[in-house]
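# Examination of the molecular architecture
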Amino acid sequence: MKPSRLRARFGGTAVATALLAVGAVAMAAPASAKANLIAIDGAEYAAQPKPMITVDVTYSCDTGETLRIEGVATSTANKKAVATGTLASGEVTCDFGSHVAEVKLTPKAGAVFHKGEKVTVVVKTLDATNAVYADAEKFAKI
């Protein structure tokens with residue numbers, strides 16, 4: 001091989017490698033966005049001044065999203081005992097960081113909860129069209 005052919009081969013290989021690297025970076029750009037996540041940190045029951053289950057959640061969502069957090073607690077002993085609550089979209093911060101929020105769940109009419117009771121807690125982040133972005137479920141002793 002002549003030296004000029006060898007240089008051309010190395011040059012072609014370098015160009016192909018550079019194009020592959022550019023393609024990999026272009027495909028990885030959307031992956032730099034943070035995933036929409038939610039986790040239940042704990043739940044607590046308070047009977048006074050009015051019955052309420054407070055659920056602490058850690059969440060994250062992409063910048064520009066407008067999401068709300070909805071929660072439901074169901075007694076494991078009595079499936080008719082249900083408490084629900086929503087954290088409005090104006091109270092949910094969407095950026096690339098993780099945030100902690102408190103979702104207050106109010107028992108439905110006739111539902112009775114007791115301190116120390118076991119419940120299933122489900123929380124979800126939803127958009128205006130009710131599409132679920134993330135959800136979590138946890139058994140907790142309130």
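Treat the numbers as computed from the prediction; the structure is a model and nothing was measured. (Residues numbered from 1 in each chain as written. Predicted model: local features only at pLDDT ≥ 70, side-chain atom pairs only at ≥ 80, totals over all residues. Heavy atoms only, no water.)

## Some remarks on the pattern of salt bridges
Across all of its chains, the model carries two salt bridges by this definition. Note that Arg68 and Glu70 form a salt bridge whose closest N and O atoms lie 2.9 Å from each other. Glu70 sits in the partly exposed class, given a relative accessible area of 28%. A salt bridge links Glu102 to Lys104; its shortest N-O distance comes to 3.9 Å. (Salt bridge = Lys/Arg side-chain N within 4 Å of Asp/Glu carboxyl O. Buried < 20%, exposed > 50% of the residue type's maximum accessible area, 1.4 Å probe, protein only.)

## Quick word on the nonpolar core
In terms of nonpolar packing, the biggest core is built from 29 residues, with Ile53, Val55, Val57, Phe113 and Val121 touching the most fellow members. By residue number, the principal contributor to this core is strand 2 (residues 52-61), which donates five residues. Once residues lying within four places of it in the same chain are set aside, the contact partners of Val55 are Ile40, Gly42, Ala43, Ala101, Glu102, Val103, Leu105, Val121 and Val123. (Core = buried A, V, L, I, M, F, W, Y, C linked by side-chain atoms within 4.5 Å. Helix = DSSP H or I, 4+ residues; strand = E, 2+ residues; numbered from the N terminus. Contact = heavy atoms within 4.5 Å.)

## Concerning the confidence of the model for the chain
In this model, the chain carries a mean pLDDT of 84, and residues with pLDDT of at least 70 account for 76%. Between residues 25-32, whose pLDDT stays under 50, and residues either more than four places distant or in other chains, the model counts zero contacts. (pLDDT = per-residue confidence, 0-100.)

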